[in-house]
Amino acid sequence: METIKITKTKHSKLSELDFDNIPLGKIFTDHMFICDYENRSWINPRIVPMQNIATHPATMALHYGQAIFEGMKATLNAAGEPLLFRPEKNAARLNTSAVRMGMPELPEEIFAEGLKQLVSLDREWIPKKKGSAMYLRPFMYADEHFIGMRAATTYKFIIICSPAGPYFSERIKLFAEKKYIRAAHGGTGEAKAAGNYAAAILPTEKAKAKGYNQVLWLDAAEHKYIEEVGTMNIFFKINGKFITPKRDGSILDGITRMSVIDLLRHKGFEVTERPITLDEIKEASENGTLEEAFGTGTAVGIAYIQEIGTDEGTIHVSDDSPVAKEVNDTLNAIKIGESEDVFGWMVPVS
Ligand code: COI
């Protein structure tokens, strides 16, 4: 690959950041990584000072939605060395999303090198407080100026970084949505496509207006099977065993999801990936076998579920989530090098 050209900022904003009070998702580091796709190749990888990107009004991503993204976190170990969590999984998933959205794949070397060099340059921005991290947002979009409807011929791949304070995960209440859906078989549900998130906004706002925190997404055909929660995958513990919806093309292939499956099995729990109906969860709640439920995602980590509202009434889940908390603690400890990285997940940024 071409060498990454680095232009450093002359005006670092780091001294303006109050590490004890970081507003979520609003602060960005001094630099960003950019790479252009032109004439069927990725060219000109560069790190530049954080800046606006010129947007022609006919930029195709704005009209036809060829836009995909990833979410990742960089943490620090005790020696102050930045670590990335399974970055190769994000690189691979970005390409799965790209293929589905008719976009070009990005060589994984560009993803990995761009990420490492950017995180290394802006490492001082990684918060040191326990539970904090630097959120990384790699994304790709069609930047050709063209009003016709076809795959764009030019794209940009960009990585931006945003320091994030400790995330205190309160117990959440979900609303099982039967009118709107997140994704259907054959659609774009498995891709981390911007449009999937756009489609979730209205139902989420409606659920919030009713006093819930997130939407529990059901399958598109029958509104019977559980798919995901908000922007997370979902797990249930029934009678000592864990279940999570089986990936079938409409569910996001969550990296926290796959890691939690490994961790639970490592702790000796049985985990089954299979179709799960809302009725089955209601029944388990009623007969006292529903022990825990939680969502998993990069931004939130693990979100403990308290109850699920439905059109027919409330399904009580649990008032505590001891195993989910233990898994969350283990995951967080691995991310800062405090627990042994038995799976070899962490990649140092040297
Ligand atoms: C993440 O968890 O990283 C996501 O991509 C969800 C996003 C909407 C914040």
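Everything numeric here is computed off the predicted structure, so don't read it as measured data. (Residues numbered from 1 in each chain as written. Predicted model: local features only at pLDDT ≥ 70, side-chain atom pairs only at ≥ 80, totals over all residues. Heavy atoms only, no water.)

J.: How should I be thinking about the overall build of the chain in this particular structure?
T.: Helix and strand counts for the chain come out as seven helices and 18 strands. Taking 2.2 N^0.38 as the reference for a compact globule, 350 residues should give roughly 20 Å; the C-alpha atoms of the chain span a radius of gyration of 21 Å, in line with that estimate. Taken along the three principal axes of its C-alpha coordinates, the chain extends 60 × 50 × 35 Å. Per-residue burial for the chain yields a buried fraction of 51% across its 350 residues. The contacts of the chain with a sequence gap of at least 6 include a subset with a gap of at least 24, amounting to 71%. Per element, the accessible surface of the chain, about 16,200 Å² overall, is 51% carbon and sulfur. (Helix = DSSP H or I, 4+ residues; strand = E, 2+ residues; numbered from the N terminus. Rg over C-alpha atoms; globule rule 2.2 N^0.38 Å. Buried < 20%, exposed > 50% of the residue type's maximum accessible area, 1.4 Å probe, protein only. Contact = heavy atoms within 4.5 Å. Areas by Shrake-Rupley, 256 points an atom, 1.4 Å probe, with all protein chains shown as cover.)

J.: I would appreciate a short explanation of the pairing of strand 5 (residues 72-76) in the present structure.
T.: Residues in a regular strand point their side chains to alternate faces of the sheet. Counted residue by residue, strand 5 has five buried out of five residues, so it is predominantly covered. Looking at chain direction, strand 5 and strand 6 (residues 82-85) are connected through three bridges and run antiparallel. Note that in strand 6 the partner of leucine 76 across the bridge is proline 82. Linking strand 5 back to strand 6 in an antiparallel pair, the connection comprises five residues, with glycine 80 at a positive phi of about 80 degrees. (Pairing = 2+ DSSP bridges.)

J.: Can you help me understand helix 7 (residues 322-335) in this one?
T.: An α-helical turn contains 3.6 residues, so any two residues separated by three or four positions project in the same direction. The terminal C-alpha atoms of helix 7 lie 20 Å apart, and with 14 residues this matches the ideal 20 Å at 1.5 Å per residue to within 8%. Within helix 7, burial applies to Val323, Ala324, Val327, Asn328, Thr330, Leu331, Ala333, Ile334 and Lys335. Within two residues after helix 7, glycine 337 carries a phi angle of roughly 70 degrees, on the positive side. (Expected span 1.5 Å × (residues − 1).)

J.: Would you take a moment to explain a nonpolar patch on the surface for this structure?
T.: On the surface, a cluster of nonpolar side chains totalling about 350 Å² of accessible area is made up of Tyr64, Ile147 and Met149. Here isoleucine 147 is to be found in the loop between strand 7 (133-142) and strand 8 (155-164). (Patch = residues over 30% accessible without salt bridge, like charges linked within 9 Å, V, L, I, M, F, W, Y side chains within 5 Å. Salt bridge = Lys/Arg side-chain N within 4 Å of Asp/Glu carboxyl O.)

J.: Which parts of the structure should I look at to understand the site of the ligand?
T.: The full set of residues close to the ligand is Phe69, Gly71, Tyr135, Arg137, Lys192, Tyr197, Thr231, Thr298 and Ala299. At 2.7 Å, a side-chain N or O of lysine 192 approaches an oxygen atom of the ligand. Alone, the ligand offers 280 Å² of accessible surface; in the complex the protein occludes 80% of this. Split by residue class, the shell around the ligand holds four nonpolar, three polar and two charged. When residues of the shell around the ligand are sorted by domain, at least three fall in each of domain 1 (5-164) and domain 2 (172-335). (Near = heavy atom within 4 Å. Polar contact = N/O pair within 3.5 Å; in protein donor to acceptor, adjacent residues only side chain to side chain. Nonpolar A, V, L, I, M, F, W, Y, C, P; charged D, E, K, R; others polar. Domains from an automatic or database assignment.)

J.: Would you take a moment to explain the pairing of strand 6 for this structure?
T.: Judged by which residues are buried, strand 6 turns out to be covered on both faces: Pro82 and Leu84 on one side and Leu83 and Phe85 on the other are all buried. In this structure, strand 6 lies alongside strand 18 (residues 346-348), joined through three bridges in antiparallel fashion. Its bridge partner lying in strand 18, leucine 84 is registered against valine 347.

J.: Is there a simple way to explain the packing of aromatic side chains in this structure?
T.: Here a ring pair, both rings aromatic, is described through the centre-centre distance and the interplanar angle of the planes. If you walk through the whole model with that rule in mind, you get twelve aromatic pairs. Their ring planes at 35 degrees and their centres at 5.8 Å tell us that phenylalanine 111 and phenylalanine 157 sit as a pair that is tilted. Residue phenylalanine 111 is located in helix 3 (residues 108-121), and its partner phenylalanine 157 is located in strand 8; the two are separated by 46 residues in the primary sequence. Both residues of the pair, phenylalanine 111 and phenylalanine 157, count as buried. Cluster of aromatic residues (ring-pair linked, three or more members): Phe235, Phe242, Phe269 and Phe294. Of note, lysine 325 hangs over the ring of tyrosine 304, and the distance from its end group to the ring centre comes to 5.6 Å. Positioned above the aromatic ring of phenylalanine 85 is the side chain of lysine 335, whose terminal nitrogen or guanidinium carbon lies 4.7 Å from the ring centre. (Phe/Tyr/Trp six-rings, centres within 6.5 Å; stacked < 30°, edge-to-face > 60°. Lys NZ or Arg CZ within 6 Å of the ring centre and 35° of its normal.)

J.: I tried to follow the nonpolar core on my own but got confused; where do I start?
T.: Soluble globular proteins: nonpolar side chains tend toward being buried together. Among the nonpolar cores identified, the biggest contains 47 residues, and Phe33, Trp42, Leu136, Met140 and Phe157 are the most heavily contacted of them. Take this core: its biggest share by element is six residues, from strand 8. Setting aside chain neighbours within four positions, we find leucine 136 in contact with Glu70, Gly71, Met72, Lys73, Ala74, Leu84, Leu115, Val119, Ile160 and Cys161. In this structure, Val300, Ile305, Ile308 and Val317 belong to the second largest nonpolar core, which totals 24 residues. (Core = buried A, V, L, I, M, F, W, Y, C linked by side-chain atoms within 4.5 Å.)

J.: Help me understand the pattern of salt bridges in this model?
T.: It is possible for side chains bearing opposite charge to pair when their charged atoms get close. By the definition in use, this model includes 19 salt bridges. Note that lysine 237 is salt-bridged to glutamate 291, the shortest N-O span being 2.7 Å. On the criterion of sequence distance, the pair formed by lysine 237 in strand 12 (residues 233-238) and glutamate 291 in strand 15 (residues 290-297) is long-range, its members being 54 residues apart. For lysine 237, a relative accessible area of 11% translates into the label buried. Across the salt bridge formed by glutamate 286 and lysine 282, the nearest N and O atoms sit 3.4 Å from each other. In this pair, glutamate 286 and lysine 282 both sit in helix 6 (residues 278-286), four residues apart, roughly one turn of the helix. Taking relative accessible area as the criterion, glutamate 286 reaches 60% and is therefore assigned exposed. With relative accessibility at 37%, the residue lysine 282 sits in the partly exposed group.

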